[in-house]
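One-letter residues, chain by chain:
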Amino acid sequence: MDNFLPGQIFTTSASLIDSVDRKLLVVLRDGRKLIGVLRSFDQFANLVLQDTIERIYVGDAYGDIPRGIFIIRGENVVLLGEIDLDKEDELPLRQVPVEEILLAQREEMEARQKREKLKNKLLHDQGFSVDFTETDLY
């Protein structure tokens, strides 16, 4: 924030001004992780990322899906951080092809759903009320 008065702290979208033209990691409300160069933003913290990739993590592996120019509505951003370009290549993870990571992600999701279903059944059998959000109609 070199352009602002010393001691002045911005908690609005104006704080993004130092991040323009830098490579960022953006975590969205739906859990997706996007990596791209911030090109623009507005007063609502809507973002425009260039050369964007969607990175999917499963265990100690990750896969990248190229997305190109990406416009993100500000209310969907959970976390935004600058990527250290010096440390970016030193990831303790292995990169795998997109098809392989998507398959692993699907298997992980199915296993999680199976565990959740078993947990809910055990809780229900012991008399606990289990939240069934899929069948809840209100």
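Residues numbered from 1 in each chain as written. Predicted model: local features only at pLDDT ≥ 70, side-chain atom pairs only at ≥ 80, totals over all residues. Heavy atoms only, no water.

An unreviewed UniProt entry lists the chain under the name U6 snRNA-associated Sm-like protein LSm1, with Funneliformis caledonium given as the organism. As recorded by UniProt, the Sequence similarities (unreviewed entry) comment attached to the chain reads in full: "Belongs to the snRNP Sm proteins family." (UniProt positions renumbered as here; feature names shortened; annotations may be inferred.)

Undergrad: Tell me about unusual backbone geometry, and please be specific about residues and values.
TA: Unusually for a residue other than glycine, D21 sits at a positive phi of about 70°. Relative to the assigned elements, D21 resides in the segment before β1 (23–28). You can call D21 exposed: its relative accessible area is 51%. A positive phi angle, close to 65°, is found at A45, a residue other than glycine. Mapped onto the secondary structure, A45 falls in the loop between β2 (33–41) and β3 (47–58). When its relative accessible area of 24% is taken as the criterion, A45 is described as partly exposed. (Helix = DSSP H or I, 4+ residues; strand = E, 2+ residues; numbered from the N terminus. Buried < 20%, exposed > 50% of the residue type's maximum accessible area, 1.4 Å probe, protein only.)

Undergrad: Residue-level account of the side chain of R55, with values.
TA: Its location among the elements puts R55 in strand β3. Here R55 falls in the buried class, since its relative accessible area comes to 9%. A distance of 2.7 Å separates a polar atom in the side chain of R55 from a polar atom in the side chain of D64. (Polar contact = N/O pair within 3.5 Å; in protein donor to acceptor, adjacent residues only side chain to side chain.)

Undergrad: Help me get a handle on helix α1 (residues 98–125), residues and values and all.
TA: The end-to-end C-alpha separation of α1 is 41 Å, in line with the 40 Å expected for 28 residues at 1.5 Å each. Two residues or fewer after α1 comes G127, characterised by a positive phi angle close to 95°. (Expected span 1.5 Å × (residues − 1).)

Undergrad: So what's going on with the side chain of S19? Which residues, and what values?
TA: Mapped onto the elements, S19 comes out in the segment before β1. Taking relative accessible area as the criterion, S19 reaches 14% and is therefore assigned buried.

Undergrad: Summarise a negative patch on the surface; cite the residues concerned and give the values.
TA: A cluster of acidic side chains, namely D84, D86, D89 and E90, defines a negative patch on the protein surface. With respect to the helices, strands and loops of the structure, D89 is situated in the loop between β5 (77–82) and β6 (94–95). Exposure remark for D89: the relative accessible area of 71% places this residue in the exposed category. (Patch = residues over 30% accessible without salt bridge, like charges linked within 9 Å, V, L, I, M, F, W, Y side chains within 5 Å. Areas by Shrake-Rupley, 256 points an atom, 1.4 Å probe, with all protein chains shown as cover. Salt bridge = Lys/Arg side-chain N within 4 Å of Asp/Glu carboxyl O. Lys, Arg positive; Asp, Glu negative; His and termini not counted. Charge placed at Lys NZ, Arg CZ, Asp CG, Glu CD.)

Undergrad: Outline the packing of aromatic side chains, supporting the account with residue identities and numerical values.
TA: Aromatic rings in a pair are described by how distant their centres are and how their planes are angled relative to each other. Counted under the stated rule, the structure contains 1 aromatic pair. Each ring, one from Y57 and one from Y62, has its centre 6.3 Å from the other, and the planes form 45°; the classification is tilted. Classification of Y57 as partly exposed rests on a relative accessible area of 35%. Y62 sits in the buried class, given a relative accessible area of 8%. (Phe/Tyr/Trp six-rings, centres within 6.5 Å; stacked < 30°, edge-to-face > 60°.)

Undergrad: Could you give me a rundown of the environment of Q95, with the residues and numbers involved?
TA: By the secondary structure assignment, Q95 is in strand β6. Separated by 33 residues in the primary sequence, Q95 and Y62 have C-alpha atoms spaced 5.1 Å apart. Q95 has contacts with Y62 and D64, leaving out every residue within four places of it along the chain. (Contact = heavy atoms within 4.5 Å.)

Undergrad: How would you summarise the sheet that holds strand β4 (residues 61–72) if you had to cite specific residues and measurements?
TA: Spatial ordering of the open sheet is given by β5-β1-β2-β3-β4-β6, a layout of 6 strands whose pairing is mixed. Edge positions in the open sheet fall to β5 and β6, since each of these has one partner strand only. Contacts from α1 reach β3, β4 and β6, with the element oriented near 60° to β3. (Pairing = 2+ DSSP bridges. Axes fitted to C-alpha atoms, helices over the stretch in contact; angles between N-to-C directions.)

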